[in-house]
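Analysis of the macromolecular model
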Amino acid sequence: MNVNQMGNYFDDFVVGETVRHPLSKTIFESDNNFFSLLTMNNHPVHTNLDYASRNQHEKILVVGTLVFSLSVGLTVGEISGQAIANLDYEQVKHLAPVFIGDTIYAETTVLDKRESKSKSDRGIVYVETVAYNQNKTPVLSFRRHVLVKKAPVK
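Note that the structure is a prediction, hence the values are computed from the model and not measured.

Turning our attention to the side chain of Ser 116. Position of Ser 116 relative to the elements: it lies in the loop between strand E4 (103-115) and strand E5 (122-132). Separated by 3.2 Å, the side chain of Ser 116 and the backbone nitrogen of Ser 118 make a polar contact. Contact partners of Ser 116, with chain neighbours within four places excluded, come to Arg 122 and Gly 123.

And the structure:
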């Protein structure tokens, strides 16, 4: 699989292959605050240090859908840069809490692929992504089907 272009074509995906995505992102307080405001998630465990300090983790938790969105974004360069569409997301699992200052990394395994039944210029790739923090602790996983263009005929 190529890692130097914006996404790979259907032909480039190999079932069983795992790619460690080169991008990563440290989550800052401003990221979490902005995402909370943007998505109208006003739960105080994400925005109120006093409230969070009196609850299970004793510090602010990063919004789970922010971690999901970042994890998807980290994969674009290799998985969906040539995509026509993400067809679905399934089995989204929050595996461990994420806190302000954590850095998110991701890797994706190609589980399956098949050519489109209706259009010969594309195929469907089935992948699983696992996001990790800086301690290599898995924090999130999800699977998705991605409709990807085939390489142009030369």
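There is more to say after this.
Further remarks concern helix H1 (residues 29-38). Restricting attention to buried positions, one finds in H1 the residues Asn 32, Phe 35 and Ser 36. The buried residues of H1 all sit within an arc of 100 degrees when viewed along its axis, so they share a single face. In H1, those exposed residues whose orientation departs by more than 90 degrees from the buried face are Phe 34, Leu 37 and Leu 38. Along its buried surface, H1 packs onto helix H2 (44-47) and helix H4 (64-80). Following H1 by one or two positions, Met 40 has its phi on the positive side, about 60 degrees.

Turning our attention to the packing of aromatic side chains. Summed over all chains, the structure comprises 3 aromatic pairs. With a centroid separation of 5.1 Å and an interplanar angle of 75 degrees, the aromatic rings of Phe 68 and Phe 142 are classed as edge-to-face. Within this pair, whereas Phe 68 is found in helix H4, its partner Phe 142 is found in strand E6 (residues 138-149), the two being separated by 74 residues in sequence. According to the relative accessible area criterion, Phe 68 is buried, its value standing at 19%. What links up through ring pairs into an aromatic cluster is the set Phe 68, Tyr 89 and Phe 142. Its end group placed over the ring of Phe 10, Lys 113 keeps NZ or CZ at 4.5 Å from the ring centre.

With that settled, the discussion passes to unusual backbone geometry. Backbone geometry follows two general trends: most residues other than glycine have a negative phi, and most peptide bonds adopt the trans configuration. Phi at Met 40 is positive, roughly 60 degrees, even though this residue is not glycine. With respect to the element layout, Met 40 can be found in the loop between H1 and H2. By relative accessible area, Met 40 is classed as exposed at 67%. Even without a glycine there, the phi angle at Glu 58 is positive, about 60 degrees. You can see Glu 58 is positioned in the loop between helix H3 (49-53) and H4.

About the thresholds
- Residues numbered from 1 in each chain as written.
- Predicted model: local features only at pLDDT ≥ 70, side-chain atom pairs only at ≥ 80, totals over all residues.
- Heavy atoms only, no water.
- Helix = DSSP H or I, 4+ residues; strand = E, 2+ residues; numbered from the N terminus.
- Polar contact = N/O pair within 3.5 Å; in protein donor to acceptor, adjacent residues only side chain to side chain.
- Contact = heavy atoms within 4.5 Å.
- Buried < 20%, exposed > 50% of the residue type's maximum accessible area, 1.4 Å probe, protein only.
- Arc of directions from axis to C-beta.
- Phe/Tyr/Trp six-rings, centres within 6.5 Å; stacked < 30°, edge-to-face > 60°.
- Lys NZ or Arg CZ within 6 Å of the ring centre and 35° of its normal.

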